[in-house]
Structures are given as structure tokens and as C-alpha cells.
Protein chains: 2
Amino acid sequence: MIYIGSDHAGFQMKEKLKNYLTKNSYCFEDVGTHSIERCDYPIIAKSLCEKITNDDIGILICGTGIGMSIAANRFKHIRAGLCTTKKQAEMTRRHNNANVLVLQGRDMCYLKNISILKTFLLTSFEGARHEKRVNMLSEI
Amino acid sequence: MIYIGSDHAGFQMKEKLKNYLTKNSYCFEDVGTHSIERCDYPIIAKSLCEKITNDDIGILICGTGIGMSIAANRFKHIRAGLCTTKKQAEMTRRHNNANVLVLQGRDMCYLKNISILKTFLLTSFEGARHEKRVNMLSEI
């Protein structure tokens, strides 16, 4: 399952990404927020991260992506990668086995975020020497 | 105090940033790595984060910046912002009161990282409504 969430600054980007997911037949659940009214990104991040198990994927959006990235990475089962390029999306799946994609809601073209999302969804974890490092992330 | 660290993929960028810090009379301590030989970013991130108290600043660098960002944000006293633009550096200081700047070591121009670092060092936290959200980051 894909879970998607944003604060108010990421709300409009979230709605556009949901259209993309629907058109491409991905199943997803929207954990909020549901309007442009101000809300607190740590609460949205927590709601989403608590739903992620096994092979689930999360998508989180705030203004810069940084607030969501800090909040999501507080959870030891989450590896949240803030991606502003396709290359980062590819590498964070291959090397970090990221299970949450964090995107910028502001100062970022919708089409660029779509191409980052596509790359994230279609790239697999490489394992090997990266496995040890990923395991360390649950232990530190 | 400023603490700076990188894995092997960020080593050369770290050395260039250290030159900048020295030339501009910033005091800093290098927590490693000290060569381009492969090492594990979670270990470097942990060493740096355990040194950060009060008004200290950390700088962490790996290939994409994402591995370091995941690892550093495991620590509840750390707010690590992966910045690929000056605008993100400004906003993560103003809104997230970030105390660790994470930079891309690969696919990033040295001069761009310097301008991101300058912005990060010279921008202050805005407080107000952001204070509540920053406090939540220590509690979730």
C-alpha cells in the first residue's frame, strides 16, 4: 500500500500526486491534511509512519520537505529520503532502501516531483554492502 | 563549535568545506572520515550527533546526503536538514531550527554547497508558531 500525507504547504502538491497515482492505478490512502488550513507537520508524519509496515511506501510533502524528513526519520522502521532530483530518488532506493519519499511542496515543479516519484517507485534496493548500513540505521 | 563529518563519498567535499571554514575563522572539529577508503555513514553520523549540545552546529556529507540525514535524525536532539538550495538552508534554520546541515557530496558543485553553508550559518530561527512544531520533533 502507498500512504500519502502533507501539511498545508504541501497540500496542493499532494492533490496533484494523488491524481497521478489514480491515473496509474496505484492503491493509496491519504492520511491528510485535507485543506490549506495550517497544521503541524510532525502530527501528519507520525500518522503516516505508524501505518507503514513491510513493503508499504510513504510519500510526505511539506514546504521544503525538511520538517517531514526530520519527523519521519525519528521512527526506526522508517528510512525517509528527501529527494529533489531523480538521481537522489534512484540512489536512496538502491542504497538506503528508503520506504518513505519526501518531496518539496514549494519552489518545485509538479512535473519534476512526478518524475522523482516514478523513479522512486520503480527502483529496487541493491542489498550487498548497503544491507549492513541499513541495518545500522535501526540500531543507532 | 562546528563539527563536520562525512563518509568516503563526501570526503573530498568535506576537505573543501574545511578550507572555507578555516579561511573564514570558524572553529571546527573534524570527526572523520579521514580518507576515501569505504566506511559506514551511520557510524560517522552517530559520532557527530553525540557531540552536539546547545548552540553547536553539525555538517554531515555523504553521496546524496540522504543516508546521513536518516541517521542524524534518529537522535531526538538533532534536527538535520538536507539542503540542495540556499532557500532550503534559509528555511530550515528559520522554521525547523536545524542544528545539522546535511550536504550532497556527489553531483553537487562545491561553490553551491559553500553558498548553502554560508546561508545556513547566517540565518536565525524565527520561533513563534514554529517553536511548537520544533518541540514536537523531540516528543514524537
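Residues numbered from 1 in each chain as written. Chains lettered and ligands numbered in written order. Predicted model: local features only at pLDDT ≥ 70, side-chain atom pairs only at ≥ 80, totals over all residues. Heavy atoms only, no water.

Novice: Describe the relation of the copies chain A and chain B, and please don't skip the residues or the numbers.
Specialist: Between the two copies, chain A and chain B, the superposition gives an RMSD of 0.0 Å; the rotation angle is 180° and the shift along the axis is 0.0 Å. Look at the turn and shift together and you get a two-fold axis relating the two. (Least-squares fit on C-alpha atoms with pLDDT ≥ 70 in both.)

Novice: Explain the pairing of strand β3 (residues 57-62) of chain B to me, using residue names and the numbers behind them.
Specialist: Residues and elements named next belong to chain B. Counting buried positions along β3 yields six of six residues, so the element is predominantly enclosed. Where burial is concerned, the two faces of β3 agree: the one with I57, I59 and I61 and the one with G58, L60 and C62 are both buried. Strand direction decides the pairing type here: strand β1 (residues 2-6) and β3, joined by five bridges, are parallel. Residue Y3 lies in a different strand from β3, and its bridge partner there is G58. Of the pairings in the sheet, the one linking β3 to strand β5 (residues 100-104) comprises five bridges and is parallel in character. If you follow C62 over to β5, its bridge partner there is Q104. (Buried < 20%, exposed > 50% of the residue type's maximum accessible area, 1.4 Å probe, protein only. Helix = DSSP H or I, 4+ residues; strand = E, 2+ residues; numbered from the N terminus. Pairing = 2+ DSSP bridges.)

Novice: Give a detailed account of the interface of chain A and chain B, specifying residues and quantitative values.
Specialist: In many analyses, interface size is given as the accessible surface area lost on bringing the parts together. The partner chain B presents 39 residues to the 39 residues of chain A that form the contact. Buried area between chain A and chain B, summed over both chains or domains, comes out near 3,400 Å², and the portion from carbon and sulfur atoms is 58%. Interface area lost by chain A to chain B is led by R74(A), R133(A) and I140(A), which between them contribute 22%. Run the count over chain A and chain B and you get four salt bridges. The closest approach of N and O atoms between D40(A) and K132(B), which form a salt bridge, is 3.0 Å. Our count for the chain A to chain B interface comes out at 23 residue pairs in polar contact (both at pLDDT 80 or more). Listed by contribution, the elements that provide at least two residues to the side of chain A that touches chain B are α2 (41-49), α3 (66-72), β4 (80-82), α4 (86-94) and α6 (129-137) of chain A. (Contact = heavy atoms within 4.5 Å. Buried area = accessible area lost by both parts, 1.4 Å probe. Salt bridge = Lys/Arg side-chain N within 4 Å of Asp/Glu carboxyl O. Polar contact = N/O pair within 3.5 Å; in protein donor to acceptor, adjacent residues only side chain to side chain.)

Novice: Go over the pattern of salt bridges with me, naming the residues and quoting the values.
Specialist: Taken as a whole and assessed by the stated rule, the structure comprises 18 salt bridges over all chains. Across the pair K14(B) and E15(B) runs a salt bridge whose closest N-O atoms are separated by 2.9 Å. Several salt bridges converge on common partners, so that one network encompasses K14(A), E15(A), K18(A) and D30(A).

Novice: Please provide a residue-by-residue account of the packing of aromatic side chains, values included.
Specialist: The full count for this structure, using the stated rule, is zero aromatic pairs over all chains. The ring of F120(A) is capped by R93(A), whose NZ or CZ atom sits 5.8 Å from the centre of that ring. (Phe/Tyr/Trp six-rings, centres within 6.5 Å; stacked < 30°, edge-to-face > 60°. Lys NZ or Arg CZ within 6 Å of the ring centre and 35° of its normal.)

Novice: Explain the sheet that holds strand β2 (residues 28-30) of chain B to me, using residue names and the numbers behind them.
Specialist: All names here are of chain B. Here we have five strands laid out as an open sheet, ordered β2-β1-β3-β5-β4, and parallel in their pairing. Taken across any chain shown, the strands that pair with only one partner, and hence form the sheet edges, are β2 and β4 (80-82). Pairwise comparison of adjacent strand axes, ignoring direction, gives a mean angle of 20° for this sheet. Note: β1 against β2, three bridges, orientation parallel. Bridging across to β2, I2 finds its partner in F28. Contacts from helix α1 (residues 11-23) reach β1, β2, β3 and β5 within the one sheet, and its direction differs from that of β1 by about 160°. (Axes fitted to C-alpha atoms, helices over the stretch in contact; angles between N-to-C directions.)

Novice: Report on the side chain of N99(A), specifying residues and quantitative values.
Specialist: All names here are of chain A. Within the secondary structure, N99 is located in the loop between α4 and β5 (100-104). Within the structure, the side chain of N99 is placed 2.8 Å from the backbone nitrogen of R79, a separation counted as a polar contact. N99 has contacts with I52, D56, I57, G58, H77, I78, R79 and F120, leaving out every residue within four places of it along the chain.

Novice: Describe the nonpolar core, listing the residues and the values that go with them.
Specialist: Counting 84 residues, the largest nonpolar core has L17(A), I59(A), L17(B) and I59(B) as its most contacted members. With residues up to four places along the chain from it excluded, the contact list for I59(B) reads I2(B), Y3(B), I4(B), G5(B), L17(B), L21(B), L48(B), L101(B), L103(B) and L117(B). (Core = buried A, V, L, I, M, F, W, Y, C linked by side-chain atoms within 4.5 Å.)

Function cannot be read off these values alone, since they describe shape.
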